[in-house]
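Structure at a glance
Here is what each chain is made of, one letter per residue.
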Amino acid sequence: MYPMLTFLSMFYYFCLRRRARSGTRGEIMNSRRAIESNNRILPLSVEVVQYAKEVVDFSSQYGSENSLSYTMWNLSGLPNVYPSSGDFTQTAVFRTYGRWWESCPSSPLRFRRAPRSFRSQEYVELVFEEAVYPTAIDVLETYHPGAIVRILACSANPYSQTPPSDIRWETLWAGDPAKVNISQARQFTPCIKQLNFMTNLIRLELNSSLLDYYTELDAVLLHGVRERLRSLHKPSMLDLDDYDKDDHSLEFFTGRFTGMTLPEYTKNGYFETLPYELIQLILSHLTVPDLCQLAQTCKLLHQHCYDPLQYVQLSLQPYWTGLDDTSLEHLQSRCAHVQCLNLSWTGNRGSISMQGFSRFMQVCGFELVRLELACCHFLNETCLEVIAQMCPNLQELNLSSCDKLNTRAFCHIAKISGLRRLVVYRTKIEQTALLSILNFCLELQHLSLGSCVMVDDYDLVASVIGAKCKKLRSLDLWRCKNITENGIAAIVSGCRLLEELDLGWCPTLQSSTGCFIKLARKLPNLRKIFLTANRSVCDTDIEELATNCPHLFHVDILGTRMVSPGALRKLLQFCKELCLLDVSFCSQIDSRVVQELSANFPNVSIKKSYTQ
């Protein structure tokens, strides 16, 4: 009898789940259901199906900070596009895709010993109106699906007046990046892990490296119940344990095994006869958690695993879910010689304090050459002041999407005179601080000012860049709102070494002024040029690029109306290294032209987006 009851209960449960997934925002199923567990019938709450109410954090976006086109804000509320597919402005789109950016002059070197299980490149965090125990998550992907690699849930309720003292992140699902060869929109509904806490904060992490074009997301639905489910079977995502291993290994950072009695290393066979340098080389291939675990085996390996030379390069971004002040404190003794440090995504929601970060920098900052702090919302003015004081040898600083930093904080960067790479994309840096940085940081080679909306006069900034930054190799002015031909003239006259220039979505630049012709003639080393959404770009501009910039490998002229197929043929013929050309929404370049050019130049990936 009991097996029959179990079967009927499960059948009824799945029927209700199917009905729930067709619901709209806030719809509640007005039916009770029961599931047999341990020979008892447990009544469960009605299932709630809700769309995201708000987007609270994200790593990047294609759109502007002051509009809704291609921005993360489109992920909140009901679908705008689904079930249609294609390139729509009403969707959420991240800044980049594919692997082309790895070949750009501005691309930094990868950190060594990153765990293979960490694949995430971008993220977005969504809040739902009601906290539930999740039973399913639907992500509506309307263009180039397959980028989602991890879905997480947080125990903190952003709407609660009393935040929990212990904030936990749990992985609901994890997988590999994929290239899904379908032209239709899809609803991505992976099997998720059951939680022992309620949540209304969901995080999607993405990796678009395998995609041919930008991935576009339309909406996210959270299915859940108000009372915890008693599972009839083992969780379906048993392999999550393997994925989470590196996250949970943070317990080894916190000195949990400090009091252990380690065995002597008097009987280690031939291993202890190996040269010290050779053992160090072998251990350099281990991830940081693996080092921490290996250190617990014997005193010999403890000595090797705690050697500061093993931590010259240290990326803690993969462990952002558990990194806190205690973790940094126990890493200090091992990081005396750290030169490259990645803390991106870490420390948010109070897990790292200003005091904890400052103490770590005071101990470990002197030899730092590279510091990655993208999306670190715990940073404040004091933190940047400490960086400027304690990191005299710093050459690379990434503050991408640190949009909580106040405008005064950036003034301290001018004290780091040896900077060669500075990323302040999507920050509140203002003109005064930026001009100070440009006047004192004369070694700058890579500068990213994309989506910096607080700068009032980009022509003035450009004039200082041209006068002071003679070594500049890459400049990102993505969505710069007011630069004109005068600013471009100053840049190309003073920065003759430029290889990468992003002028995408700069509406005040006009081809009729000759600024693009001057750009092409004065920057012969140019390898990447973005003229995205500039409708004034014409055949003459493209032909000048073809004649004067033979090393171009990436050109984006999305949205131009005046470029003909003939000009593109000349560009493709003259620029033998060209590998990526975006002509989406170019009115004179239809699909037939793209097919013809692709056949004649098979080594070039020619992009032409579509809508259905």
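As recorded in an unreviewed UniProt entry, the protein goes by F-box domain-containing protein and comes from Scyliorhinus torazame.

**Details of the pattern of salt bridges**
Enumeration over the complete set of coordinates arrives at 26 salt bridges. Between E125 and R203 there is a salt bridge, with the nearest N and O atoms lying 2.7 Å from each other. Placement of E125 in strand β7 (residues 122–143) and of R203 in strand β11 (residues 199–206) is noted, with a sequence separation of 78 residues between them. Assigned by exposure class, E125 and R203 land together as buried. When salt bridges that share partners are traced, they join E125, R150, R203, E205 and R349 into one network.

**Remarks on helix α9 (residues 431–440)**
When we look at burial in α9, the residues that qualify are Q431, A433, L434, L435, I437 and L438. Those residues of α9 that are buried are in contact with β17 (421–423), β18 (446–448) and α10 (458–468).

**Thoughts on a nonpolar patch on the surface**
Taken together, F271, L274, L278, L281 and I282 make up a surface patch of nonpolar side chains, about 390 Å² in accessible area. The exposure class assigned to L274 is partly exposed, which follows from its relative accessible area of 30%.

**As for the side chain of E544**
Among the secondary structure elements, E544 is positioned in helix α13 (residues 539–548). Overall, E544 belongs to the buried group, its relative accessible area being 15%. Apart from the residues lying within four places of it in its own chain, the contact partners of E544 are I517, A520, R521 and C549.

**Comments concerning the state of the cysteines**
For the structure shown, the criterion picks out 0 disulfides. In this model C538 remains outside any disulfide bridge; the closest cysteine sulfur is found in C515, 10.0 Å from its own.

**Describing the pairing of strand β4 (residues 47–51)**
Put simply, side chains in a regular strand alternate between the two faces of the sheet. The buried fraction of β4 amounts to 5 of the 5 residues, a majority that puts the element mostly inside the structure. In β4, alternate side chains face the same way, and those of E47, V49 and Y51 on one face and V48 and Q50 on the other are all buried. Where β4 lies against strand β12 (residues 216–225), 5 bridges are found, and the strand directions are antiparallel. Note on β12: the bridge partner recorded for Y51 is L221.

**A look at the side chain of S60**
Structurally, S60 can be placed in the loop between β5 (54–58) and β6 (92–93). Since its relative accessible area comes to 5%, S60 is described here as buried. Polar contacts involving the side chain of S60 include one to the main-chain amide nitrogen of R95, which spans 3.2 Å. Of the polar contacts made by the side chain of S60, one reaches the side chain of E122; its length is 2.9 Å. Dropping the residues within four chain positions of it, S60 is found in contact with M72, F94, R95, E122, S401 and Y425.

**Describing the environment of E430**
Here E430 shows up in the loop between β17 and α9. The partly exposed category is assigned to E430, whose relative accessible area is 32%. Between the C-alpha atoms of E430 and N406, which are 24 residues apart in sequence, the distance is 9.5 Å. In this view, E430 contacts T407, M454 and V455; residues no more than four positions away in its chain are not counted.

**Details of the packing of aromatic side chains**
Aromatic ring pairs are reported here in terms of the distance separating the ring centres and the angle at which the planes meet. Scanning all chains against the criterion turns up 18 aromatic pairs. The interplanar angle of 80 degrees and the centroid separation of 5.3 Å between the aromatic rings of F58 and W73 together place this pair among those described as edge-to-face. With F58 in strand β5 and W73 in the loop between β5 and β6, this residue pair connects regions lying 15 residues apart in the sequence. Here F58 falls in the buried class, since its relative accessible area comes to 3%. Note on W73: relative accessible area 33%, which makes it partly exposed. Aromatic side chains F118 and W345 sit 6.1 Å apart centroid to centroid with 65 degrees between the ring planes, which places their arrangement in the edge-to-face category.

Basis of the calculations
Residues numbered from 1 in each chain as written. Predicted model: local features only at pLDDT ≥ 70, side-chain atom pairs only at ≥ 80, totals over all residues. Heavy atoms only, no water. Salt bridge = Lys/Arg side-chain N within 4 Å of Asp/Glu carboxyl O. Helix = DSSP H or I, 4+ residues; strand = E, 2+ residues; numbered from the N terminus. Buried < 20%, exposed > 50% of the residue type's maximum accessible area, 1.4 Å probe, protein only. Contact = heavy atoms within 4.5 Å. Patch = residues over 30% accessible without salt bridge, like charges linked within 9 Å, V, L, I, M, F, W, Y side chains within 5 Å. Areas by Shrake-Rupley, 256 points an atom, 1.4 Å probe, with all protein chains shown as cover. Disulfide = S-S within 2.5 Å. Pairing = 2+ DSSP bridges. Polar contact = N/O pair within 3.5 Å; in protein donor to acceptor, adjacent residues only side chain to side chain. Phe/Tyr/Trp six-rings, centres within 6.5 Å; stacked < 30°, edge-to-face > 60°.

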